[in-house]
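# Per-entry structural report
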Amino acid sequence: MLLRDLQSASFKGARFLVPEDEAEEGRNTIPHQYPDSPIRYAEDNGGHAPCFDISGIVHGEGLPGKVNTLRRAFSSPGPGVLRHPWYGTQFCAVDGKIRFSRSDRNSGVVEFDVKLMVTGPPVFPGLLSGIAAVVTGLASGAVTKLFANYGSLLGVPGTNASHVAMSTAIASVGLSLDRYFGSASNSAGRLIDRSGRYARTPSEMSDVLVDAFRAPIDDTTISVSTLLRGFRDVSAESQSILSEAGLIEITTADRAQRQADLMAFATSIEAAAYVSIAEAMAARAYETADQVEADETDLVERFEAIQQRSLDADIMSDMVSVLTSTSEVLQNAAVRLPRTAALNLDGIPANALSYQLYHGDMSLPADTEARIQQLVDLNLSQDPAALVGDVTVLTEA
C-alpha cells in the first residue's frame, strides 16, 4: 500500500499516518457465585475505557521537525485530543513508552508505536485559561526575539535597485498591517512612511516591528476575527516577498545580497505573523468543533512552511512551543463543542429532518435510515414542504 493511501490521524496537533492499529474496550464484570446455590450473579462494575495501540508513520519533507513535533506531543504532560481514523475524536493520555524506529530499506520514513488510553476531559477545566495565557507569553517573547538586533541580519543595500527592493518590501508589510491595525499604533504607518530609511538602516526598525505586531494584540477594541484576517494577510504578503526573492537571478554579489536580505526580512515577518495568528486562535470563542479543526489544520500547515525557512534554532524552538501550546487550547475546545454536517434536503419530509436533527446520528447508520423511512411511511399524506395539522412521529418512550 502506498503512503498516500494510509489513514491519517493526529495527537495534540501532531499529525501522522496509521497503517495499523488496534482498539480495546468493554465492560468490567465481576462474577459472584454462592455455596450450594445454582444462582450466579454478574456484577457490572463499569466500563473499560477505550485504549489504542497505534503503529504510526511520519515521512516527507521536514522529517526531523515532524518527528520532534510528535515527540513533544507524546512526552508533554497531561491528556490531549486524539483524532483517530475510525474512532473519531477522543481525549487521551499516553500510556507507557513510545518506540521510534527507522530502516535504510525505507528511507525518509520514521515508524513509531504508542499506546493511548481514553481519559475524558481534564479534571480541572479551569486551568485551560492558564494555557491560553501561556500562548500569549510565548508569542510575545517570540516576536521580541525575532526582531531583536534585527539590523545584524541584513546588509546595507549596495545599489539603488537593492534599496528600492527592500524599501518596497517594508512598505508592503506596513500597508497590510495598517489596513487592519492602523488604529492600534502608528508603527504600521512608520513602516510605510520611512521604508526607504529603514531599508538603509534596518537596525532602526526593530522596535517598530515589535510594536506593529504586538499593539493590535493588546488593543481590546480589535476583534479576534480582525486579528486573524489581518495577520493572515500579513503572512500572505511575506510569502509574496519570498516568492519574488526566489526569482532574482544571481549574477552579481549585490543581487545575492539583495535576495538574502529580502528572504531574511520576509521569513521574520512570516514567523511573527504565525505566532500572532496562533495567539488570536487561542483567544477565539469557537462555536463548533469544525471551526477548531479548520484553524488547527491552518496552524499546522503554517508551521510546516516555517520549518522550511532559515531560522535560528532557538527561534524555531519558540515556534514549536507556540504550536504545541496553541494546539492544547484548540483541542480542549474541540472536545466540548458540537459538530456540524451537511444534509441533502431533497425529498426529506420535515418530520424526518427533525428526527435527524434532534435524535438521529448525523452519519445516518442503517438503523437511523430505517427509522426515517418509517417516519416517511407514517406521513405519506403530508406535503414534505409544509406540514399541516397532526403529524405522526416516533418517540423515545
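Structure shown above.
These lines cover the structure that appears in this document, whether it is placed above or below.

Thresholds, definitions, all that
Residues numbered from 1 in each chain as written. Predicted model: local features only at pLDDT ≥ 70, side-chain atom pairs only at ≥ 80, totals over all residues. Heavy atoms only, no water. Helix = DSSP H or I, 4+ residues; strand = E, 2+ residues; numbered from the N terminus. Buried < 20%, exposed > 50% of the residue type's maximum accessible area, 1.4 Å probe, protein only. Salt bridge = Lys/Arg side-chain N within 4 Å of Asp/Glu carboxyl O. Expected span 1.5 Å × (residues − 1). Patch = residues over 30% accessible without salt bridge, like charges linked within 9 Å, V, L, I, M, F, W, Y side chains within 5 Å. Areas by Shrake-Rupley, 256 points an atom, 1.4 Å probe, with all protein chains shown as cover.

## Looking at the environment of Asn68
Of note, Asn68 is situated in helix H1 (residues 63-75). According to the relative accessible area criterion, Asn68 is partly exposed, its value standing at 28%. A sequence separation of 54 residues divides Asn68 from Ala14, and the C-alpha atoms of the two residues are 9.4 Å apart.

## Observations regarding the pattern of salt bridges
Applying the stated criterion across every chain yields a total of 13 salt bridges. A salt bridge links Arg99 to Asp113; the nearest nitrogen and oxygen atoms lie 2.4 Å apart. Residue Arg99 is found in strand E6 (residues 99-101), and its partner Asp113 is found in strand E7 (residues 109-118); the two are separated by 14 residues along the sequence. The partner of Arg284 in a salt bridge is Asp295, and the shortest N-O contact between them spans 2.8 Å. In this pair, Arg284 sits in the loop between helix H8 (253-283) and helix H9 (289-307) while Asp295 sits in helix H9, placing the two residues 11 residues apart along the sequence. Classification of Asp295 by relative accessible area gives buried; the value is 5%. Residues joined in a network through salt bridges with shared partners are Arg232, Arg284, Asp295, Asp298 and Arg302.

## Quick notes on helix H10 (residues 313-334)
End to end, H10 covers 31 Å across 22 residues, agreeing with the expected 32 Å (1.5 Å per residue, within 8%). H10 sits mainly inside the fold: 17 of its 22 residues count as buried.

## Some thoughts on a nonpolar patch on the surface
Side chains of Tyr34, Ile39 and Tyr41 sit close together on the surface and give an oily, nonpolar patch of about 320 Å² of accessible area. Within the secondary structure layout, Tyr41 lies in strand E3 (residues 40-59). Overall, Tyr41 belongs to the partly exposed group, its relative accessible area being 44%.

Take it as geometry only, folks, not as evidence of what the structure does.
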